[in-house]
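Breakdown of the fold
As a plain string of letters, each chain reads:
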Amino acid sequence: MYLGRLKKYDSVLKFAVTLTEERALAQAKQADAEIAAGKYRAAPRLPWGAKDLLATKGIRTTWGAGGFESQMIVKMQPL
């Protein structure tokens, strides 16, 4: 449902810089399998989005600024 809404309205609202549909579906499938096996995590599994100010390895991160449209972090530095 949420992926469908993102696809339907993003062309008008422009709220997604990078949609990681395959990753989301894989994580949902894993969560469903864990729940079916009786494994529940402390926090509920809810769909969510991250502001494009968070760098994620292997996913395009523009920081909401021009000039960074093609930026992709390939190596994360430890804090």
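My aim in this report is to walk through the structure given alongside it, one point at a time. (Residues numbered from 1 in each chain as written. Predicted model: local features only at pLDDT ≥ 70, side-chain atom pairs only at ≥ 80, totals over all residues. Heavy atoms only, no water.)

**Considerations on the overall build of the chain**
Within the chain, the regular secondary structure consists of two helices and zero strands. The C-alpha radius of gyration of the chain comes to 15 Å, more than 25% above the 12 Å expected for a compact globule of 79 residues. The dimensions of the chain, computed from C-alpha atoms along their principal axes, are 45 × 35 × 20 Å. Per-residue burial for the chain yields a buried fraction of 11% across its 79 residues. Residue pairs at least 24 apart in sequence account for 18% of intrachain contacts in the chain once pairs closer than 6 positions are excluded. In the form shown here, the chain has an accessible surface area of approximately 6800 Å², with 61% of it arising from carbon and sulfur atoms. For the chain, the distance from the average site of its 13 positive side-chain charges to the average site of its 7 negative ones is 3 Å. (Helix = DSSP H or I, 4+ residues; strand = E, 2+ residues; numbered from the N terminus. Rg over C-alpha atoms; globule rule 2.2 N^0.38 Å. Buried < 20%, exposed > 50% of the residue type's maximum accessible area, 1.4 Å probe, protein only. Contact = heavy atoms within 4.5 Å. Areas by Shrake-Rupley, 256 points an atom, 1.4 Å probe, with all protein chains shown as cover. Lys, Arg positive; Asp, Glu negative; His and termini not counted. Charge placed at Lys NZ, Arg CZ, Asp CG, Glu CD.)

**Examining helix α2 (residues 21–36)**
The first and last C-alpha atoms of α2 sit 22 Å apart over 16 residues, in line with the 22 Å expected at 1.5 Å per residue. Downstream of α2 by a residue or two, G38 has a phi angle that is positive, lying close to 85°. (Expected span 1.5 Å × (residues − 1).)

**Things to note about the layout of surface pockets**
Taken as a whole, the largest pocket encloses approximately 1500 Å³ of empty space. Lining the largest pocket are 39 residues, with T20, A24, W48, G49 and A50 sitting closest to its centre. Mapped by element, the contributors of at least two residues to the lining of the largest pocket are α1 (2–13) and α2. Here the lining of the largest pocket takes 10 residues from α2, the largest share from any one element. Looking at the lining of the largest pocket residue by residue, the classes come out as 22 nonpolar, nine polar and eight charged. (1 Å grid on protein atoms, 1.4 Å probe; cavity = no way out; pocket = protein on both sides within 12 Å on 5 of 7 lines; lining within 4 Å. Points joined across faces, edges and corners; volume = space filled by probe spheres on them. Nonpolar A, V, L, I, M, F, W, Y, C, P; charged D, E, K, R; others polar.)

**Thoughts on the side chain of T61**
Its location among the elements puts T61 in the segment after α2. Of note is the side chain of T61, whose polar atom sits 3.1 Å from the backbone oxygen of I59. (Polar contact = N/O pair within 3.5 Å; in protein donor to acceptor, adjacent residues only side chain to side chain.)

**Things to note about the side chain of T62**
Inspection of the secondary structure assignment puts T62 in the segment after α2. For T62, a relative accessible area of 8% translates into the label buried.

**Quick look at a nonpolar patch on the surface**
On the surface, Y9, V12, L13 and F15 cluster together into a nonpolar patch covering about 410 Å² of accessible area. Tracing the backbone shows L13 in helix α1. By relative accessible area, L13 is classed as exposed at 52%. (Patch = residues over 30% accessible without salt bridge, like charges linked within 9 Å, V, L, I, M, F, W, Y side chains within 5 Å. Salt bridge = Lys/Arg side-chain N within 4 Å of Asp/Glu carboxyl O.)

Any functional reading would require information that these geometric values do not contain.
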